[in-house]
Amino acid sequence: MSETWLKCLLLSLAWTASALVARAPRPAMAAALRRSFRHEVAAIRTCGHDVALMAATLTDPTTTHDAATETTTGAPDYSGFDWLDHWYPVAWTRDLPVDAVTKVTLFDVDYCVVNRGEREPLALEDKCPHRLAALSEGRLTAQGYVQCAYHGWSFDATGDCKSTIRSAASTALCATAVPCRVEQGLLWLFPGTAAGRDPESVAPPRVPEMDDPAFKCTTTVRDLPIDYALLVENILDPDHFLFAHQATPFDIYSASKESPQTVTVEEPSPGCYAISSAVAAVPKLATNDQRTAMAVATGIAGGDTLTAKSTFRPPCAIASGRRDAAGATKFQQVFWVCPTGVGRTRFLAAGVGRLPVAVPRWLQHVGLNNFLDQDTHLLATQQPYVLQAEYDAAKAGAPLVRRQLYKYSSPTERILVEVGKFMDEAVPKTPNRYAEPLRLLAPCPPRETTLDRYAQHTQVCPDSRGAVRNAKALRLLSWAAAATIAAGRAARLGSVARAAASPA
């Protein structure tokens, strides 16, 4: 019994460690994951019908999808969107060491940020004005100044130089400070002050449920080699969950002729938009048996009248959940898509729900990283074609028109049509977008890059690093225990053998 227990423990520890440090799924591991996922999908299949057959309506040429070509009323004007007049989330504060410098990136510009714990955070452009060395390679002094590791110049939260080695401190030697603040566990930066934008004129978007103590929140982060616009479109596309993820419960977010998707656009203040989709939260493509299984999985009974709603608040925030007539929800998934640079995005997410206890963060990361791996490389294969089209359009002095580039056909894609209009208008104005045009012509990265969860996640998440460290330590202890048990067993067998061989 003890040996069996140890074998199970060793396997689970090896799985936990490999799940968080995997550079890319090895063939055997990938096959095992596919087999495991097929078992999960089988629970919501009917005899002879799998997910692909269930969702075949999406590509059935005999089905008309006029809804996908319809536009929202009012023809929203996105020309007023200003990238520099918004706050951007760059990290969960729990992932930043307290009173230590950390580098983050936004619009291909590096920043040095410091999490001060209970005190106000600080952020500076990541270059010392002296010789342009990275301040994030330095340290925080006892006085709370960021000190450059090259020559020791030190700067306060406003960027003022407080000390140098060879000369007196001077305001002429300032670093560039950037407004920053902490809201709902996220560190936000405001990059527009140098261009005359006022950080007090706009606030970071909030998620009301995250302020409610009845809701538990589990957060995650991953740096993806995927362009901002592609990732936003991917998150807002329920149809792909049926294929890329084989996640049948997401059928409730899809649309059909009988359950059309409605799209609304609001502009609560100039240049601030909320693009929302809403559809009846009922299965559209599933069979009766599948609907029964999905009702169990999602907690939606046949008589419930819930709406599956997704809202994109440019530039970063996306929230998806099922809501009742009063707008209340028991669980929602929230995403913040931070445009790190051309072809790169920081993916921040939180599961927010009425749960008795929060899911351990590292455990949620294992599952979510597996989920992300299922379509990240697909987005990477799409990316060169889209960015090439954008490059060609920019070279010709025209914006990319996604409605001409893509072949929209599903009734669920109505929101993608509207989001595409926003991207057509906004993406060419992205800061530093065309500073190095050849970035748009980068080839598709290999799988070893697109699926490198250790570099993309574990290195920037202390909870996952701790889980890996603990798993490795427990694995060593388990090996030692197994060796001790084996040695004891061998000694007992030796004693029995000697006793049997001795004369009576």
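Residues numbered from 1 in each chain as written. Predicted model: local features only at pLDDT ≥ 70, side-chain atom pairs only at ≥ 80, totals over all residues. Heavy atoms only, no water.

> How would you summarise the packing of aromatic side chains if you had to cite specific residues and measurements?
A full pass over the atoms with the stated rule returns 15 aromatic pairs. Ring geometry for W92 versus W336: centroids 5.4 Å apart, planes at 90°, classification edge-to-face. Of this pair, W92 sits in strand β1 (residues 88-92) while W336 is found in strand β16 (residues 331-341), placing the two residues 244 residues apart along the sequence. The pair W92 / W336 is uniform in exposure class, with both members buried. (Phe/Tyr/Trp six-rings, centres within 6.5 Å; stacked < 30°, edge-to-face > 60°. Helix = DSSP H or I, 4+ residues; strand = E, 2+ residues; numbered from the N terminus. Buried < 20%, exposed > 50% of the residue type's maximum accessible area, 1.4 Å probe, protein only.)

> Tell me about the sheet that holds β16, residues and numbers included.
In space, the 7 strands of this open sheet follow the order β11-β17-β16-β15-β14-β13-β12, with antiparallel pairing throughout. Lying at the two open borders of the sheet, with one neighbouring strand each, are β11 (216-224) and β12 (262-269). Averaged over all pairs of adjacent strands, the angle between their axes in this sheet comes to 15°, without regard to strand direction. Strand direction decides the pairing type here: β11 and strand β17 (residues 344-353), joined by 9 bridges, are antiparallel. In the sheet register, R222 faces β17, and the bridge partner there is F347. Here helix α4 (residues 228-235) sits on the sheet and contacts β11, β14 (307-313), β15 (317-323), β16 and β17; the angle it forms with β16, its principal contact strand, is near 170°. This element, helix α7 (residues 361-395), spans β11 and β17 of the sheet and lies at about 45° to β11. (Pairing = 2+ DSSP bridges. Axes fitted to C-alpha atoms, helices over the stretch in contact; angles between N-to-C directions. Contact = heavy atoms within 4.5 Å.)

> Which residues make up a nonpolar patch on the surface, and what are the values?
Taken together, the side chains of L355, V359, W362 and L363 present a nonpolar region at the surface, about 310 Å² in accessible area. Mapped onto the secondary structure, W362 falls in helix α7. (Patch = residues over 30% accessible without salt bridge, like charges linked within 9 Å, V, L, I, M, F, W, Y side chains within 5 Å. Areas by Shrake-Rupley, 256 points an atom, 1.4 Å probe, with all protein chains shown as cover. Salt bridge = Lys/Arg side-chain N within 4 Å of Asp/Glu carboxyl O.)

> Describe α7, listing the residues and the values that go with them.
A bend of about 35° at D373 is the largest found in α7. Phi for G397, located one or two positions after α7, is positive at around 75°. (Bend = angle between axes of the 7 residues up to and from the residue.)

> How would you summarise the confidence of the model for the protein chain if you had to cite specific residues and measurements?
Within the protein chain, residue pLDDT values average 84, and 80% of them lie at 70 or more. Contacts for the low-pLDDT stretch residues 5-11, under 50 throughout, to residues beyond four places or in other chains number 8 contacts. Every residue in residues 25-67 scores below 50 in pLDDT, and together they form 51 contacts with partners more than four places removed in sequence or on other chains. (pLDDT = per-residue confidence, 0-100.)

> How would you summarise the side chain of N234 if you had to cite specific residues and measurements?
With respect to the helices, strands and loops of the structure, N234 is situated in helix α4. Note on N234: relative accessible area 14%, which makes it buried. Within polar-contact distance, the side chain of N234 engages the side chain of D375 at 3.1 Å. Non-local contacts of N234, meaning those with residues more than four positions away in its chain, are made with H240, D375 and L379. (Polar contact = N/O pair within 3.5 Å; in protein donor to acceptor, adjacent residues only side chain to side chain.)

> Outline the environment of T176, listing residues and values.
Note that T176 resides in the loop between β8 (161-163) and β9 (180-183). Judged by its relative accessible area of 37%, T176 is partly exposed. When the C-alpha atoms of T176 and A123 are compared, they prove to be 8.7 Å apart, with 53 residues separating the residues in sequence. When sequence neighbours within four positions are dropped, the list of residues in contact with T176 reads A123, L124 and E125.

> Please set out the packing of α4 against α7 residue by residue, giving values where relevant.
With their axes 10 Å apart at the nearest point, α4 and α7 run at an angle of 130° to one another. Taken together, the axes of α4 and α7 are oblique relative to one another. Note on packing geometry: the crossing formed by α4 with α7 is right-handed. From α4, L230, L231 and N234 reach across to α7, where they touch D375, L379, Q382, Q383 and V386. For the contact of α4 with α7, the residue count by class is 4 nonpolar, 3 polar and 1 charged. (Parallel < 35°, antiparallel > 145°, perpendicular 65-115°, else oblique. Left-handed = near helix turned anticlockwise from the far one by under 90°. Nonpolar A, V, L, I, M, F, W, Y, C, P; charged D, E, K, R; others polar.)

> Help me get a handle on the pattern of salt bridges, residues and values and all.
By the definition in use, this model includes 25 salt bridges. A salt bridge links D211 to R206; the shortest N-O distance between them is 2.9 Å. The partly exposed category is assigned to R206, whose relative accessible area is 42%.

> Account for the state of the cysteines, naming residues and giving values.
Counting across every chain of the model gives 0 disulfides. Summary of cysteine pairing: C148 is not part of a disulfide, and the nearest cysteine sulfur, belonging to C128, is at 4.1 Å. (Disulfide = S-S within 2.5 Å.)

> Lay out the side chain of T311 in plain terms, naming residues and giving numbers.
Position of T311 among the secondary structure elements: in strand β14. Separated by 2.9 Å, the side chains of T311 and S276 make a polar contact. Each residue touching T311, except ones within four places of it in the same chain, is listed here: A274, I275, S276, A317, I318 and A319.

> Go over helix α12 (residues 462-501) with me, naming the residues and quoting the values.
An ideal rise of 1.5 Å per residue puts 58 Å on 40 residues; α12 measures up with 58 Å between its terminal C-alpha atoms. Those residues of α12 that fall on the buried side of the exposure criterion are S464, G466, A467, V468, A471 and S478. (Expected span 1.5 Å × (residues − 1).)

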